[in-house]
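# Notes for the structure review
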Amino acid sequence: MAEVSCRKVVKEYDGGVQAVKGIDLEIADHEFVVLVGPSGCGKSTTLRMIAGLEEISGGEIWIGGDIVNDVPPRDRDIAMVFQNYALYPHMSVFDNMAFGLKLRKFPKDEIKRRVDEAARILDIVPLLERKPRALSGGQRQRVAMGRAIVRNPKVFLFDEPLSNLDAKLRVQMRTEIKKVHQTVRTTTVYVTHDQVEAMTLADRVVVMNGGIIEQVGSPQELYHNPATRFVAGFIGSPAMNFLPCRVQDGRNGGLALRVTDKITLPVPPDRQDRYGKYKGREMVLGIRPEHLFEYHEQGKPNWTRVDLPVDVVEPMGMETMVHFFVDGAPVCARVDPATHAEPGEMLPLTADLNQMHLMEPDTGRVV
Amino acid sequence: MADGTSVPVGVMQASRPAAARRSSMRRFAGRRSTMGFLLALPLILLVAGFVIYPAFYAIYLSMLNKKMTSFVGLGNFAFLLKRNTFQLVIFQSCLFAITAVVMKALLGFILAHLMHNIPGKNQRIWRGLLLVPWVIPLALSTLTWWWMFDPSYSAFNWILNQFGFANVPWLGVGWIARFCTIAVNVWYGTPFFMIMYLAALKSVPEQLYEAAAIDGANAVQKLFFVTLPMMRNIIAITVLFSLITTFADFDIVRILTAGGPQDMTHVFATYAFQVGIQSGDIPLGASVSLFMFPILAIAAFFVLRGVTRRTKEIAT
């Protein structure tokens, strides 16, 4: 097991297109790090550079204290689980899992012991003699993981391993992956575009966008303290609401955010100093749907009531998502399922502004 | 019955089965299987007329005496097996076909790999150039080769002379002539293998190579553990196909050596032509041409069975 380090890593393709623009990332031993971001953000390229499947155009990659820029994949002591499993179709499950060990000339009894052990962990013992064709998607994914586990490598690399599974199996396999990591404790780098996967699996999440790292942090940190508008919008489901606003003087000498002519929200007292220097400037207010809910008379005294016309109602059982438009900007609120909300009707809402974020419109930086 | 629309009982009885027959005919014609059969019928008739009938007629001919007046059973085959010339023809045909197919498969595989690693546009150019031997009519290209092997005007001999070597009678000495016929067949057939293997190489998922690289495989191990197993079906089918066509090869030997010198380059087809057409013993010629049929048919059966099994095995 080992730590992984990316230092000023660049990937430039022919024609000058930069997929990764000089990223720095330190991954500790035993850590489970998830690279997350939209398609084309450079997360898979970064993973493939760590694996040695893509050449590095600039910078350094270190694995276990050694620089591996020019080390071929087979000598990096890593194992990778691919999106399409990449199982050898002509080999049995046992042979698929044993292949790496056979190439490394492990003794036969040691190979059998390791494969049996991995198969037991992954609950695929009855499948060992089958060919990949005779396996379901979930079973294939387990075999792919087994192939990685038996090698006992320094680092596990996962490239969107659950993308080809249906929603139910994905949740199940997510738990399996977490369990496996808790058992073997191997340093893991996991790539996904699914922020729920990222949040549930990671010790730390790396949010990438346009070839750069937007923010690195624990799932909670990213959720509560996003550094940029991109991270704020990417992490959390449904996505955070963004409303243009102006910072101005409020009542009792405090600050307020003017969203529309009719909607002005008071800035919480503990944020007055932080937002004071932005007075008079156009900013972007960010508030998550879960912090925007139906107004109650018995609510906290500083919660401002805002009446908005309901556009769409999405009942989801334990909660109901209600969509509105505020000056043309789409807004989503999460309300109690017992709340009566009908499209076209006015619904009184309020926001927990202690959870709000204020961003610069030009840089997207959260202030 | 009194309204004038009634039908006599006898007429009704006769028209009901006719209507039922029409309806069942309509049902029969409307079935998918019937429609499929009708659409395939022209091809079935073509195959029956140009393949099945000649094949059975050849079998029938091979069992007649020289004058084609009496049935001799397998007598022609027994007669052929006793003749030294025919034993030589069997040896040469096997040598010609097996050596040529192995060489074509090997060169085709190497060329396909080289081609596979040439980037985009250049690959298309090279692919087009390397397909030229396969595209030129064989009789025409073999005539060109015949010129190049000519003892007096040979391009090869001219090159040898430039380096101070003596002339080589390319088509005049047994083993050299055998080598020449095989070489021309390899030259002609390699592009077919190359294009088939190139297609097979392109169909191997790149992720398998990446997985093998991470598993610790070097280039040779990737070839043996990923490429070859994934290409086994294409290799089997191309080798089988080529073996059949090479065993049946006529043009190259006929044009280059006409079976000589001293029958040392005859293959089944040229010998069958000599015996059947030139010497007028059509039943014996038919026997020669049919000699390899059972062996190749059994080989084809096992190869195709293996292909079907592996296809099921690796299909996702």
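Residues numbered from 1 in each chain as written. Chains lettered and ligands numbered in written order. Predicted model: local features only at pLDDT ≥ 70, side-chain atom pairs only at ≥ 80, totals over all residues.

With that settled, consider the overall build of chain A. When you go through chain A residue by residue, the secondary structure sums to nine helices and 21 strands. When its C-alpha atoms are laid out on the principal axes, chain A stretches across 80 × 45 × 35 Å. Looking at chain A residue by residue over its 367 residues, the buried ones come to 41%. (Helix = DSSP H or I, 4+ residues; strand = E, 2+ residues; numbered from the N terminus. Buried ≥ 20, exposed ≤ 12 C-beta atoms within 10 Å, placed from the backbone.)

To continue, consider the overall build of chain B. When you go through chain B residue by residue, the secondary structure sums to 15 helices and zero strands. Computed over C-alpha atoms, the radius of gyration of chain B comes to 29 Å, more than 25% over the 20 Å expected from 2.2 N^0.38 for 316 residues, which places it beyond the range of a compact globule. Seen along its three principal axes, the alpha-carbon backbone of chain B occupies a region of about 115 × 70 × 30 Å. In chain B, 65% of the contacts between residues at least 6 apart in sequence involve partners at least 24 apart. (Rg over C-alpha atoms; globule rule 2.2 N^0.38 Å. Contact = placed C-beta atoms within 7 Å.)

Listed by partner, the interface residues are 19 residues for chain A and 16 residues for chain B. Among the residues making up the side of chain A that touches chain B, the classes are represented as twelve nonpolar, three polar and four charged. (Nonpolar A, V, L, I, M, F, W, Y, C, P; charged D, E, K, R; others polar.)

What follows is about the nonpolar core. Counting 156 residues, the largest nonpolar core has V34, L157, V189 and V206 of chain A as the members making the most contacts within it. Among the elements that make up this core, the one with the highest residue count is helix α9 (residues 174–203) of chain B (twelve residues). The residues contacting V34 of chain A, other than those within four sequence positions of it, are Y190, T192, A198, L201, A202, V205 and V206 of chain A. (Core = buried A, V, L, I, M, F, W, Y, C linked by C-beta atoms within 7 Å.)

To continue, consider the domain arrangement of chain B. On domain assignment, one finds that chain B holds domain 1 (9–60) and domain 2 (74–315). Taken over C-alpha atoms, the centre of domain 1 of chain B sits 43 Å from the centre of domain 2 of chain B. (Domains from an automatic or database assignment.)

What follows is about the sheet that holds strand β17 (residues 312–315) of chain A. Residue and element names in this part refer to chain A. Read across the sheet, three strands follow the order β17-β18-β19 without closing on themselves; strand pairing throughout is antiparallel. Looking at strand neighbours, the two that pair on one side only are β17 and β19 (329–335), the edges of this open sheet. Strand-to-strand twist across the sheet, computed as the mean angle between neighbouring axes with direction ignored, equals 25 degrees. (Pairing = 2+ DSSP bridges. Axes fitted to C-alpha atoms, helices over the stretch in contact; angles between N-to-C directions.)

A word on unusual backbone geometry. Geometrically, the link from S237 of chain A to P238 of chain A is a cis peptide bond, its omega value of -5 degrees lying close to zero. Tracing the chain through its elements places P238 of chain A in the loop between α8 (229–234) and β11 (241–249). Residue P261 of chain B is bonded to the preceding G260 of chain B through a cis peptide linkage, with omega at -5 degrees. When you line up the elements, P261 of chain B lands in the loop between α12 (251–256) and α13 (268–278). For M68 of chain B, which is not glycine, the phi torsion reads 60 degrees and is therefore positive. With respect to the helices and strands, M68 of chain B occurs in the loop between α2 (32–62) and α3 (75–82).

Here the focus is the pairing of strand β18 (residues 320–326) of chain A. All names here are of chain A. Relative to β18, β17 runs antiparallel, the two being bridged by four bridges. Across the sheet, P315 pairs through a bridge with T320, a residue of β18. In this structure, the hairpin formed by β17 and β18 is closed by a connection of four residues, where G317 is found at a positive phi of approximately 95 degrees. Relative to β19, β18 runs antiparallel, the two being bridged by seven bridges.

All names here are of chain A. The sheet built from five strands is open, its strands ordered β13-β12-β11-β14-β21 with antiparallel pairing. Only two strands of the sheet have a single partner each, and these edge strands are β13 (264–266) and β21 (357–359). Between one strand and the next, the sheet's axes are offset by a mean angle of 40 degrees, whatever the strand orientation.

Another aspect to go through is helix α4 (residues 137–150) of chain A. Residue and element names in this part refer to chain A. The end-to-end C-alpha distance of α4 is 20 Å, a good match for the 20 Å that 14 residues give at a rise of 1.5 Å each. A large share of α4 lies buried, amounting to eleven of its 14 residues. Listed as buried for α4 are R140, Q141, R142, V143, A144, M145, G146, R147, A148, I149 and V150. Close packing links the buried residues of α4 with β6 (78–81), α2 (93–103), α3 (108–122), β7 (155–159) and α5 (167–184). Directly after α4, the chain includes N152, whose backbone phi takes a positive value near 50 degrees. (Expected span 1.5 Å × (residues − 1).)

Right, let's talk about the confidence of the model for chain A for a bit. When pLDDT is averaged along chain A, the result is 91; 99% of the residues meet or exceed 70. For chain A, per-element mean pLDDT is lowest for α5 of chain A, which scores 88, and highest for strand β3 (residues 32–36) of chain A, which scores 96. (pLDDT = per-residue confidence, 0-100.)

In this section: the environment of L101 of chain A. Residue and element names in this part refer to chain A. Assignment of secondary structure puts L101 in helix α2. Measuring from C-alpha to C-alpha, the distance between L101 and R151 comes to 6.6 Å, with 50 residues separating the pair along the chain. Excluding residues within four positions of it along the chain, L101 makes contact with F106, I111, R114, V150 and R151.

The subject of this paragraph is the pairing of strand β14 (residues 282–287) of chain A. Residue and element names in this part refer to chain A. In terms of strand pairing, β11 meets β14 through six bridges, oriented antiparallel. Bridged to N241 within β14 is I287. Relative to β21, β14 is paired through three bridges, and the arrangement is antiparallel. Bridge pairing in β21 links L285 to L358.

Residues and elements named next belong to chain B. At a closest axis distance of 7 Å, the pairing of α13 and helix α14 (residues 282–290) adopts a crossing angle of 170 degrees. Judged on the interaxial angle alone, α14 and α13 are roughly antiparallel. Between α13 and α14, the contacting residues are F268, A269, Y271, A272, V275, G276 and I277 on the first element and I282, L284, G285, A286, V288 and S289 on the second. Of the residues in the contact of α13 with α14, the class split is ten nonpolar, three polar and no charged. (Parallel < 35°, antiparallel > 145°, perpendicular 65-115°, else oblique.)

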